[in-house]
Amino acid sequence: MNGSTFKADIKYWLKQENTVNHLMIINIAVFLIVSIVRLFAFFGTPFATPAFNFMVNNLSLHVDGTLLYKPWGLITYMFFHVHWIHILFNMLTFFWFGNLFRSELGNRRVLPLYLLAGIFGGLLYVAAYNIFPQSPYLGGPMIGASGATMAFLIASATLMPNMEIGILVGHVKLKWLAIAVLVINLITVPEGNVGGILAHFGGALFGFGYIRILKSSGTDLCAPLMKLFDNLNNLFSRSKSSPSRSFKPKKSPLRVVRNPSDASHASRLDQLLDKISEKGYNSLTTEEKQWLRQYSNEK
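Quick notes on the rules
- Per chain, residue numbering runs from 1 following the sequence as it is written.
- Where totals are concerned, whole chains, interfaces and linings use all residues; where local detail is concerned, this predicted model gives features only for residues with pLDDT of at least 70, and gives and counts side-chain atom pairs only at 80 or more.
- Excluding hydrogens and water, the side-chain figures rest on all heavy atoms present in the structure.
- Strands are runs of DSSP state E lasting at least two residues, helices are runs of H or I lasting at least four, and both sets are numbered from the N terminus onward.
- Residues are treated as being in contact if the distance between any of their heavy atoms lies within 4.5 Å.
- To be clear on the numbers: accessible area is Shrake-Rupley with a 1.4 Å probe, and residue cover counts the displayed protein chains and nothing else.
- In this scheme, patches are assembled from residues that exceed 30% relative accessible area and form no salt bridge. Like charges are connected within 9 Å, while nonpolar side chains (Val, Leu, Ile, Met, Phe, Trp, Tyr) are connected within 5 Å.
- Every case where a carboxyl oxygen of Asp or Glu lies within 4 Å of a side-chain nitrogen of Lys or Arg is listed as a salt bridge.
- Buried, partly exposed and exposed residues are distinguished by accessible area as a fraction of the type maximum, computed with a 1.4 Å probe on protein chains only: under 20%, between the cut-offs, and over 50%, respectively.
- With a 1 Å grid spanning the protein atoms alone, the term cavity applies to any set of points in which a 1.4 Å probe fits but cannot get out, the term pocket to an open set with protein on both sides within 12 Å along at least five of seven lines, and the term lining residue to any residue with an atom within 4 Å of a point.
- Grid points are joined across faces, edges and corners, and a volume is the space filled by probe spheres set on the points.
- For two strands to be treated as a pair, DSSP must find no fewer than two bridges joining them.
- Axis lines are fitted to C-alpha atoms, over the contacting stretch for helices. Their N-to-C directions set the angle, which ranges from 0 to 180 degrees.
- Roughly parallel means an angle under 35 degrees; roughly antiparallel means over 145; roughly perpendicular covers 65 to 115; every other angle is labelled oblique.
- Each crossing gets its handedness from the near helix: less than a right angle anticlockwise from the far helix is left-handed, clockwise is right-handed.
- Each residue gets one of three labels, nonpolar for Ala, Val, Leu, Ile, Met, Phe, Trp, Tyr, Cys and Pro, charged for Asp, Glu, Lys and Arg, and polar for the others, Gly among them.

Chemist: Mind showing me how you'd approach the overall build of the protein here?
Modeler: Within the protein, the secondary structure is distributed over 13 helices and two strands. Considering only contacts within the protein whose residues lie at least 6 apart along the sequence, 66% involve residues at least 24 apart. Accessible surface for the protein amounts to roughly 17,500 Å². Of this, 66% is attributable to carbon and sulfur atoms.

Chemist: Sorry if this is basic, but what is going on with a nonpolar patch on the surface here?
Modeler: Together, W84, I85, L88, F89, L92, F95 and W96 give the surface a local cluster of nonpolar side chains, amounting to about 730 Å² of exposed area. With respect to the helices and strands, I85 occurs in helix α6 (residues 84-105). Judged by relative accessible area, I85 falls into the partly exposed class, the value being 39%.

Chemist: Just to check I follow, could you spell out the layout of surface pockets for this structure?
Modeler: Remark: the empty space left among the atoms is shown by a probe the size of a water molecule rolled over them. Considered as a void within the structure, the second largest pocket measures approximately 840 Å³ in volume. For the second largest pocket, the lining is made up of 27 residues, of which F89, T93, M150, V181 and N185 are closest to its centre. At the level of secondary structure, the elements contributing two or more residues to the lining of the second largest pocket comprise α6, α8 (146-159), β1 (164-167), α9 (174-187) and α10 (194-217). Among the elements that take part in the lining of the second largest pocket, α6 stands out by supplying nine residues, more than any other.

Chemist: What should I look at first to understand the pattern of salt bridges in this one?
Modeler: When charged atoms on two side chains of opposite charge get close, those side chains can pair. The final tally for this structure, using the stated rule, is two salt bridges. Between D230 and R108 there is a salt bridge, with the nearest N and O atoms lying 2.4 Å from each other. Note that D230 is positioned in helix α11 (residues 223-240) and R108 in the loop between α6 and α7 (110-131), a separation of 122 residues in sequence. The class of D230 is partly exposed, set by a relative accessible area of 28%. Under the relative-accessibility criterion, R108 is labelled partly exposed at 27%.

Chemist: Before we go on, may I ask you to explain the pairing of β1 in this structure?
Modeler: Each regular strand carries side chains that alternate between the two faces of the sheet. Pairing analysis gives four bridges linking β1 to strand β2 (residues 170-173), with the strands arranged antiparallel. For I165, the partnering residue across the bridge sits in β2 and is V172. Hairpin geometry of β1 and β2 is characterised by an intervening segment of two residues between the two adjacent antiparallel strands.

Chemist: Looking at this structure, I do not really get the packing of α7 against α8. What am I missing?
Modeler: Running from N to C, α7 and α8 point in directions that differ by 120°, and their axes come no closer than 7 Å. In this view, α7 runs oblique relative to α8, as classed from their interaxial angle. For the pair α7 and α8, the crossing hand works out as right-handed. Between α7 and α8, the contacting residues are V110, L113, Y114, A117 and G118 on the first element and G147, A148, A151, F152 and A155 on the second. Each residue belonging to the contact of α7 with α8 can be placed in one class, and the counts come to eight nonpolar, two polar and no charged.

In short, shape yes, function no, at least from these values alone.
Dropping the structure here:
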């Protein structure tokens, strides 16, 4: 980013209007705060240990009776990490497959799917605990975005099963990568992280079901949250804007070098890029896709 400062880099990420970036920044910021408090607690700093315990008790998902008076844990747990290796793998998974999902189905679906998949994974863990309350592998508080991020991997693989991506072993189709990840989760059950694995499968199931329902019937399970967030965004936008200022549509982070003399083509290109940013490439009509390809070839 042209040798800019860390603060400028963060602003650059935020201005891209990419919800994947925003959610990653929230997760990383929470992790850094928790890690600093944990470090102070390690060195015996007064109030640091109670502060760390307070965060664990109030940001985790509890499956026992505690959930009844701390229901917000169903949301906060998917933004809360303690160990660096945990958040590293979750954020890498989310960065790769969250952006892949976003490029196909648009930015507006990212936050709703993240929240719904995380909640579904958490509820699966809660249900398992209540069905098998005596199990020694269930009952502890749960943290981490694994269930939410798993949904994007499986949703992308369901949407584009034959798409190939490059990994250490070469190029692999998304469907085989998804199956491999699920098998790895399954065979690690004896290691004891049953609650986390249930959340993984819950997120995976929701991601798979979301795409199948969307493709088969056109029903978008994220639509209610999308509408809610759009209304909230419009409300805050109106409160911040001056009456004398005219509305300017959101611009896509994708940009091309334009010929100043070709104003009409540039205007249409802006419209198509905005449409891709909001709803994904598949929202374009056949004629629009053909025009975009022709324009790209000419440039």
